[in-house]
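Summary of the model geometry
Here is what each chain is made of, one letter per residue.
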Amino acid sequence: MPQWECEVSGLPRALPRILFTSVFGPYARDDEFGSRAINPMELYHNQVTRLQGPFSLRMFHRSWGIMLIRENISAPSALLDFPPLERFIEELKSEAYDIVAISAIPPNFLKTREMCRLVREIQPNAKIIVGGHISGMPRIEERLNADFVVRGEGVRWFREFLGEDVNAPIRHPRILSGIGTRTMGMALKEKPGYVAATLIPSVGCPMGCNFCSTSAMFGGKGKFINFYETGDELFEVMTGLEKDLSVQSFFVMDENFLLHKKRSLRLLELMEKHNKSWSLYVFSSANVLQSYTMDQLVRLGISWVWMGLEGKKSQYQKLANTDTHELVSELQSHGISILGSTIIGLEEHTPQNIDEAIEHAVAHNTEFHQFMLYTPVAGTPLFEQHKADGTLIDPECEDPSDIHGQLRFAHRHAHIPPGEETGFLLKAFSRDFEANGPSIMRMARATLRGYKKYSKHPDKRVRARFERESCTLPHQYAAVLWATRQWYPKNSPIWREADSILQDLFRQFGWTSRLAASLGGRWVFRALKKEVTRESGEPPTFYERSPELASKSPQAAQQVLQPA
């Protein structure tokens, strides 16, 4: 008998009515519920282009986990993504639900607790289910007053809970990867074909780095859950996304996508057979990347790689026997952009050697660079290690609002005095921006490299990808580079780099790019100056519901509500 029937015996409905929701906003401000201005709901601006000012890449991402779960159950449901607190309360008062399912991370503990309290007050008969990375926190069930806390993969859990077939094929939701994207004061197009689709082949990571909450959440070292085991299954999903969303590019949300080499190479076979010139943006460890030839990576459409660089003399196996500077340079020479990820505050870091560690990271000159504090997140092996050693500052996670890797340590570091870590983190961001310039300028350089190398490739499919990816070079990128050059003092290192890329672009595209630079560049420069004073924004609220979910309120079946 499914758990649902056991829990609600006597209710008239065979299928429960479910509300899936993310935590309420606002997000990028300090409040009594643990929101922090320093921790906005923007991945790149938060921890990648953090100190790039008006050049920072700004975008939001939907709550993909609850979207995937909702797509794979038959119960009538609604999804409320990024609601203001008032909108969440309104939904509870206007619709009767049997289950309220909340997705959250540890820094949003206070918000999650308040949402549970409101459910108990407004809909006392509803069961509360909480999932996401918050599930790793100590004593989380009793602290939230939730009926269930889901640890690990949610689709199978919900299917089992509802008495559905846990082994049914996974239906992939239709998700565009970014929302409200802008940089330098310019909003990027979000029309069909301009935004990548989100593709979720698996969850977890078998590499099992001790700090990785994703790996820990889905089983730890050596374990992962594949939703699509074969290249054939994956190809079918991708063709469906291509058709329904009019996309040619895919943001592959998989911790180490290329690790499954048999699946990847079969996907390549099918892409070639069916003449697909797709672009893939992937996560991959350095040692896995080296198991492929550059030709294989290029033909597979690998356009962008998020790679863990961790730090100089890193202990992690995924970097063993790898010269990451050489690897990054080789990938870039083939038009592949890199987002490098470096940890500040590893065990061996001291105030005396931290500058060397930062310079090691900055010298990669990746297109983007993430810097994060070494953080023992609840549920990870690193957390348990520090708990056993007695070095956790808050072992029961009573107030996790500032434990997000961008402010302070959650433990007492052996060499770095408390409070100094924040300055070291900011120094890393600042040094990377100072040495390598705006990420959008680096992207222009990477895109131009790919175009020059592969625009005349004998394989029509490869050629088509690079031509598509470089279509913005003669116009938008020409204007961006002109404005970037104007922003910096003449003959400064970044001015010279922007000028060098721009002159190279002029040689490739002639008068078209010169005209775009001269006219469009002035418009971009004005937008760039305005962006300096622009405050952090909030994501729009999304409201979606199943057609069969009867409603007493006049809400539409699908809404996108812009924030104030």
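For the structure itself, look to the data block above.
Quick look at the structure, then. All of these numbers come straight from a predicted model, not from anything done at the bench.

The rules behind the values
Counting restarts for each chain: residues are numbered from 1 in the order of the written sequence. The predicted origin of the model limits local features to residues at a pLDDT of at least 70 and limits the giving and counting of side-chain atom pairs to 80 or more, whereas totals for whole chains, interfaces and linings rest on all residues. Side-chain calculation: all heavy atoms of the structure are included, whereas hydrogens and water are not. Two strands are counted as paired when DSSP detects at least two bridges linking them. Helix and strand assignments follow DSSP, with helices taken as H or I runs no shorter than four residues and strands as E runs no shorter than two, numbered in order from the N terminus. Working convention: axes come from line fits to C-alpha atoms, limited for helices to the stretch in contact. Angles between N-to-C directions cover 0 to 180 degrees. In protein, a polar contact requires one atom able to donate a hydrogen and another able to accept it; more generally it is a pair of N or O atoms within 3.5 Å, and residues adjacent in sequence count only if both atoms are side-chain atoms. Should any heavy atoms of two residues lie within 4.5 Å, those residues are counted as being in contact. Only buried residues count toward a nonpolar core. Its members are Ala, Val, Leu, Ile, Met, Phe, Trp, Tyr and Cys residues joined through side-chain atoms within 4.5 Å. For the exposure calls, accessible area comes from a 1.4 Å probe over protein chains only, and a residue counts as buried if that area is under 20% of its type's maximum, exposed if over 50%, partly exposed in between. Stacked, edge-to-face and tilted are the three classes for Phe, Tyr and Trp ring pairs, Trp counted by its six-membered ring, which pair at centre distances within 6.5 Å; planes under 30 degrees apart are stacked, over 60 edge-to-face, the rest tilted. Any Lys or Arg side-chain nitrogen found within 4 Å of a carboxyl oxygen on Asp or Glu counts as a salt bridge. Under this scheme an angle from 65 to 115 degrees is roughly perpendicular, one under 35 degrees roughly parallel, and one over 145 degrees roughly antiparallel; angles in between are oblique. Here a crossing is called left-handed whenever its near helix is offset anticlockwise from the far helix by less than a right angle, and right-handed whenever the offset is clockwise. All residues other than Ala, Val, Leu, Ile, Met, Phe, Trp, Tyr, Cys, Pro, Asp, Glu, Lys and Arg, Gly among them, are scored as polar; the first ten of these are nonpolar and the last four charged.

Brief notes about the sheet that holds strand 16 (residues 368-373)
As summarised here, the arrangement of the six strands in space is 9-12-13-14-15-16, forming an open sheet in which the pairing is parallel. Both outer strands of the open sheet, strand 9 (197-199) and strand 16, are each paired with one neighbouring strand and no more. Sheet twist, expressed as the mean angle between neighbouring strand axes with direction ignored, is 20 degrees. Pairing analysis gives three bridges linking strand 9 to strand 12 (residues 249-252), with the strands arranged parallel. Looking at strand 12, one finds that A197 is bridged to F250.

Points about the sheet that holds strand 2 (residues 58-60)
Pairing within the open sheet is antiparallel, and its three strands lie in the order 2-7-8. Each edge of the open sheet is held by one strand with a lone partner, namely strand 2 and strand 8 (186-187). Pairing geometry for strand 7 (residues 179-183) and strand 8, over two bridges, is antiparallel. Paired with T183 across the bridge in strand 8 is M186.

Some remarks on the side chain of E421
Mapped onto the elements, E421 comes out in helix 16 (residues 420-436). Of note is the side chain of E421, whose polar atom sits 2.8 Å from the backbone nitrogen of F409. Residues in contact with E421, not counting those within four places in the same chain, are L373, L407, R408, F409 and I416.

What about the nonpolar core?
Membership of the largest hydrophobic core comes to 106 residues, with the highest contact counts inside it found for L258, L267 and M307. If sequence neighbours within four positions are ignored, L267 has contacts with G231, L234, F235, M238, F257, W278, L280 and L300. Core analysis: the second largest hydrophobic core is formed by 39 residues, F82, V100, L144 and V149 among them.

A closer look at the packing of aromatic side chains
Taken as a whole and assessed by the stated rule, the structure comprises 25 aromatic pairs. Between F55 and W487 the ring centres are 5.9 Å apart and the planes differ by 85 degrees, which places this aromatic pair in the edge-to-face class. Residue F55 is located in the loop between helix 2 (43-47) and strand 2, and its partner W487 is located in helix 19 (residues 473-487); the two are separated by 432 residues in the primary sequence. Centre to centre, the rings of W304 and W306 are 6.0 Å apart; their planes meet at 75 degrees, and the pair counts as edge-to-face.

Observations concerning the side chain of Q123
With respect to the helices and strands, Q123 occurs in the loop between helix 5 (109-122) and strand 5 (127-131). Residues in contact with Q123, not counting those within four places in the same chain, are E91, L92, E95, A96, Y97 and L118.

Quick notes on unusual backbone geometry
The step from G25 to P26 runs through a cis peptide bond, and the omega angle for that step is 5 degrees. The topology assignment puts P26 in the loop between strand 1 (18-22) and helix 2. The backbone of F82 shows a phi angle near 60 degrees, a positive value even though the residue is not glycine. Looking at the secondary structure, you find F82 in the loop between strand 3 (77-81) and helix 4 (85-94). Here F82 falls in the buried class, since its relative accessible area comes to 4%. The phi dihedral of R139 is positive, around 50 degrees, even though this residue is not glycine. Position of R139 relative to the elements: it lies in the loop between strand 5 and helix 6 (140-144).

Quick word on the pattern of salt bridges
Inspection of the entire model under this criterion finds 33 salt bridges. For D295, the salt bridge identified is with R299, shortest N-O distance 2.8 Å. Separated by four residues within a single helix, D295 and R299 lie in helix 12 (residues 294-299), roughly one turn from each other. D295 sits in the partly exposed class, given a relative accessible area of 42%. When the shortest N-O distance is used, the salt bridge between R431 and E434 registers 2.6 Å. Placement of the pair is R431 and E434 together in helix 16, with a separation of three residues, close to one helical turn. A relative accessible area of 52% places E434 in the exposed class. One network of salt bridges, in which partners are shared, links R139, E142, E396 and E398.

Thoughts on the packing of helix 17 (residues 439-454) against helix 19
The interhelical angle for the contact between helix 17 and helix 19, taken along N-to-C directions, is 140 degrees, at an axis separation of 10 Å. Classed by the angle they form, the pair helix 17 and helix 19 counts as oblique. The two elements helix 17 and helix 19 cross, and the hand of that crossing is left-handed. The residues of helix 19 that touch helix 17, namely those facing I440, M441, M443, A444, T447, L448 and Y451, are L473, Y477, V480, L481 and T484. Looking at the contact of helix 17 with helix 19, its residues break down into 10 nonpolar, two polar and no charged.

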